[in-house]
Amino acid sequence: VQLQASGGGLVQAGDSLRLSCVASGRTFSGYSVAWFRQAPGKERQFVAGIFRTGGTTIYADSVKGRFTISRDNAKNTVYLQMNSLKPEDTAVYYCAASSRIIYSSIGVPSAYEQWGQGTLVTVSS
């Protein structure tokens, strides 16, 4: 499966953005999907994930209550709704997919086989 992330932009603190990750090539419903982010000079960080079965979601503590991950398998798309954005949310956001990930590995970048190209989110104060 190939992934295409979009929806980033420049916003002010407190604003909202919705990122999209569109998959092509295979049935998306068989993949667990996560969003990661990477700020300049920092390691890639897990943000949120949604499992292929049951739709269970998991979030990093730093975004819990502000971000929501969801999927529309009919559209082969996973979304990341980001509300109450903060300057520290500024980063390049990547979506990643795996057909075989387990719960304990949802936040591990090396566990994913496919990555999108990233979309930049900049939050000004």
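Residues numbered from 1 in each chain as written. Predicted model: local features only at pLDDT ≥ 70, side-chain atom pairs only at ≥ 80, totals over all residues. Heavy atoms only, no water.

Participant: Any chance you could explain the nonpolar core here in plain terms?
Facilitator: Buried together is how nonpolar side chains tend to be arranged in soluble globular proteins. Membership of the largest hydrophobic core comes to 39 residues, with the highest contact counts inside it found for Trp35, Leu80, Met82 and Tyr93. Counting residues per element, this core draws most heavily on strand 9 (residues 91–98), which supplies five residues. (Core = buried A, V, L, I, M, F, W, Y, C linked by side-chain atoms within 4.5 Å. Buried < 20%, exposed > 50% of the residue type's maximum accessible area, 1.4 Å probe, protein only. Helix = DSSP H or I, 4+ residues; strand = E, 2+ residues; numbered from the N terminus.)

Participant: Sorry, what's going on with the sheet that holds strand 8 (residues 77–82) here?
Facilitator: Spatially, the four strands line up as an open sheet ordered 1-3-8-7, and their pairing is antiparallel. Single-partner strands in this sheet number two, and they are strand 1 (2–6) and strand 7 (67–72). Taken over all neighbouring pairs, the strand axes of this sheet differ in orientation by 15° on average, direction set aside. As paired strands, strand 1 and strand 3 (residues 17–24) are joined by five bridges and run antiparallel to one another. Counted as the bridge partner of Gln4 is Val22 from strand 3. (Pairing = 2+ DSSP bridges. Axes fitted to C-alpha atoms, helices over the stretch in contact; angles between N-to-C directions.)

Participant: What is the right way to look at the state of the cysteines in this model?
Facilitator: One way to say it: the disulfide is the covalent bond shared by the sulfur atoms of two cysteines. Here the structure, examined in full by the defined rule, presents one disulfide. Across a sulfur-sulfur distance of 2.2 Å, Cys21 and Cys95 are joined as a disulfide pair. The sign of the 70° torsion about the S-S bond sets the Cys21-Cys95 disulfide as right-handed. Here Cys95 lies in strand 9 and Cys21 lies in strand 3, a separation of 74 residues in the sequence. (Disulfide = S-S within 2.5 Å.)

Participant: Looking at this structure, I do not really get the layout of surface pockets. What am I missing?
Facilitator: Over the atoms, a rolling probe the size of a water molecule traces out where space has been left empty. Empty space within the largest pocket amounts to approximately 160 Å³. Grouping the constituent residues of the lining of the largest pocket by class yields two nonpolar, four polar and four charged. (1 Å grid on protein atoms, 1.4 Å probe; cavity = no way out; pocket = protein on both sides within 12 Å on 5 of 7 lines; lining within 4 Å. Points joined across faces, edges and corners; volume = space filled by probe spheres on them. Nonpolar A, V, L, I, M, F, W, Y, C, P; charged D, E, K, R; others polar.)

Participant: How do you make sense of the packing of aromatic side chains when you look at a structure like this?
Facilitator: Scanning the entire structure with this criterion turns up six aromatic pairs. Centroid distance Phe36 to Trp115: 5.1 Å. Interplanar angle 50°. Geometry classified as tilted. Of the two residues, Phe36 sits in strand 4 (residues 32–38) while Trp115 sits in strand 10 (residues 114–115), which places them 79 residues apart along the sequence. Judged by relative accessible area, which is 0%, Phe36 ranks as buried. Under the relative-accessibility criterion, Trp115 is labelled partly exposed at 27%. Measuring from ring centre to ring centre gives 6.2 Å for Tyr112 and Trp115, while their planes differ by 70°; the resulting arrangement is edge-to-face. Ring pairs connect the aromatic residues Phe36, Phe46, Tyr94, Tyr112 and Trp115, which therefore count as one cluster. (Phe/Tyr/Trp six-rings, centres within 6.5 Å; stacked < 30°, edge-to-face > 60°.)

Participant: I would appreciate a short explanation of the environment of Arg18 in the present structure.
Facilitator: Mapped onto the secondary structure, Arg18 falls in strand 3. Along the primary structure Arg18 and Gly7 are separated by 11 residues, whereas in three dimensions their C-alpha atoms are 6.0 Å apart. Among residues more than four places away in sequence, those in contact with Arg18 are Ser6, Gly7, Tyr79, Leu80 and Gln81. (Contact = heavy atoms within 4.5 Å.)

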